[in-house]
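This is what each chain is made of:
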Amino acid sequence: MATDIKDTIRPLTSAAVLGLLPARPRLLALGEPTHGEGTLLELRNELFRQFVEQEGYRTIAIESDCLTGLLVDDYVTSGTGSLDAVMAHGFSHGWGAFAANRELVRWMRAHNEGRPAADRLRFAGFDGPLEITGAASPRQALGALHGYLAALVDAHLLPCDAAVLDRLLGPDDRWTEPAAMMDPTRSAGRSPEAGELRLLADELVALLDEQTPHLIAATSRDAWERACLHGRTATGLLSYHHAMADTSPARMTRLLGVRDRMMADNLLAVAARGPVLVHAHNAHLQREKSSMRMGGEPLEWWSAGALVSARLGAQYAFVATALGTIRHRGVDVPPPDSVEGLLYALPDDQCAVDARGLAAALGDPLPAPRVSPWFGYAPLDPAHLAGGDGLVFVKDARPS
């Protein structure tokens, strides 16, 4: 068995990763089994550099707020703002504090210096303006969409003016109420005003679609794409708040599904520009249903990767990452009969793995999934190997 497993291993390079795939994907998703580990972020940076310099990829999309990510994109493409400001305000989930993310942004800006616009690297956040504890007010997204349209189309075509939106939105703390995540009765998502806003947001997005030729000619494709992003985000946030106010047992499943649908819509839009490297948690990128337990209840939903794969087919590829140890988190050497343990016994510190070939080498039954002693790390599910396009294995994650 060991010889067969060794035959599935490649030195880890961008060319080796692409060599595992049946076709060159437009959207190549690199997953991670835990967040915030410097070793994995540095590996992502090096692979992205290779994909840029050797394979022609021009965009990286990460699991961060799609609206604040516009600040990062402006900086890397044109130098707008400062690196310090972009790291402080251009990322959600605290990602701006990580040294490897700072280095990624710095390198992208340096790479773009003096290059023509068509050859510049682009950055995208593809998560919604969401945190574990709640969601943003739809004010920023709705206001930006309305403002774009109001400046460019006849006023009588607009479903409302800005004052109506402002009245219906009310104070932002109605939407960001922390207690609403645990208590649906504290959410404004099913108020009469929220219902009106959902209808108006739909009408604004429809008007944006209907006026596409005029809007692109009057501004630019980039400006129109940003308006589309604001439209997707506004309708997505209103759907998310609507689900937060749900008192039925489907509430948490619905919230997880809305979030990944927002992610998928953003990824499809970014992929329309050209080849993209995506980096996020494995659970958001896999083709199989994602699952978790919350409050003792099992939850299942279709991930962004599953949704995108259904649309793009072979133009979407998913390469999961598996880890051996995260000793500073209490994750020690994996059991020798686990998938991670079998790979850990090999000499490579980092490698690309033919996932389907590894599944065949392991035979039936597959090893049992590894059990993590730390909640923040999700071990590889051996049952997913045969459905993946590839696997990256990292033996040890060093303390950041």
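Residues numbered from 1 in each chain as written. Predicted model: local features only at pLDDT ≥ 70, side-chain atom pairs only at ≥ 80, totals over all residues. Heavy atoms only, no water.

For the protein chain, an unreviewed UniProt entry supplies the name Erythromycin esterase family protein and the organism Kitasatospora nipponensis.

Between helix α7 (residues 139-150) and helix α9 (residues 192-210), whose axes approach to 11 Å, the crossing angle comes to 40°. With respect to α9, the axis of α7 lies oblique. In this structure, α7 crosses over α9, and the sense of that crossing is left-handed. From α7, L142, L145, H146, Y148 and L149 reach across to α9, where they touch L197, A201, L204, V205, L207 and L208. (Axes fitted to C-alpha atoms, helices over the stretch in contact; angles between N-to-C directions. Helix = DSSP H or I, 4+ residues; strand = E, 2+ residues; numbered from the N terminus. Parallel < 35°, antiparallel > 145°, perpendicular 65-115°, else oblique. Left-handed = near helix turned anticlockwise from the far one by under 90°. Contact = heavy atoms within 4.5 Å.)

Residues L28, V105 and M108 are the most contacted members of the largest nonpolar core, which totals 43 residues. Element by element, the count of residues in this core is highest for helix α3 (residues 38-55), at six residues. Once residues within four sequence positions are removed from consideration, M108 is found in contact with F48, I60, V76, L121, R122 and F123. Of all hydrophobic cores here, the second largest spans 39 residues; its members include V276, L312, L362 and L385. (Core = buried A, V, L, I, M, F, W, Y, C linked by side-chain atoms within 4.5 Å. Buried < 20%, exposed > 50% of the residue type's maximum accessible area, 1.4 Å probe, protein only.)

The next thing to look at is the packing of aromatic side chains. Think of a pair of aromatic rings as described by two things: how far the centres are apart, and how the planes are tilted against each other in angle. If you walk through the whole model with that rule in mind, you get five aromatic pairs. When the centroid spacing of 5.8 Å and the interplanar angle of 55° are considered together, the rings of W95 and F98 count as tilted. Between the NZ or CZ atom of K395 and the centre of the ring of Y344, over which it lies, the distance is 5.2 Å. (Phe/Tyr/Trp six-rings, centres within 6.5 Å; stacked < 30°, edge-to-face > 60°. Lys NZ or Arg CZ within 6 Å of the ring centre and 35° of its normal.)

What follows concerns the pattern of salt bridges. Under the defined criterion, the tally for this structure stands at 26 salt bridges. Put simply, D396 and R327 hold a salt bridge, and the shortest N to O gap is 3.2 Å. Of the two residues, D396 sits in strand β12 (residues 390-396) while R327 sits in the loop between β10 (316-325) and α15 (339-344), which places them 69 residues apart along the sequence. For D396, a relative accessible area of 27% corresponds to the partly exposed category. For R327, a relative accessible area of 47% puts it in the partly exposed group. Here the residues in one salt-bridge network are D73, D74, R122, D222 and R226, joined through shared partners. (Salt bridge = Lys/Arg side-chain N within 4 Å of Asp/Glu carboxyl O.)

Between α7 and helix α8 (residues 162-169), the least distance of the axes is 11 Å, while the angle of their chain directions is 170°. When the axes of α7 and α8 are compared, the pair comes out roughly antiparallel. Here R139, L142 and H146 of α7 come into contact with α8, specifically with A162, L165, D166 and L169. Taken together, the residues that form the contact of α7 with α8 break down as four nonpolar, one polar and two charged. (Nonpolar A, V, L, I, M, F, W, Y, C, P; charged D, E, K, R; others polar.)

Positionally, T77 belongs in helix α4 (residues 69-78). Judged by its relative accessible area of 15%, T77 falls in the buried class. Only 2.6 Å separates the side chain of T77 from the backbone oxygen of D73, close enough to count as a polar contact. Of note is the side chain of T77, whose polar atom sits 3.4 Å from the backbone oxygen of D74. (Polar contact = N/O pair within 3.5 Å; in protein donor to acceptor, adjacent residues only side chain to side chain.)

Counted according to the given criterion, the structure contains zero disulfides. C160 carries a free sulfur, and the closest cysteine sulfur to it, the one in C228, is 18 Å from it. Looking at C228, it has no disulfide partner, and the nearest cysteine sulfur is the one in C66, 13 Å off. (Disulfide = S-S within 2.5 Å.)

To continue, consider the environment of W107. Relative to the helices and strands, W107 resides in helix α6 (residues 99-112). C-alpha of W107 to C-alpha of Y148: the two residues are 41 residues apart in sequence and 32 Å apart in space. Other than its neighbours up to four places away in sequence, W107 contacts F48, R49, V52, E53 and L121.

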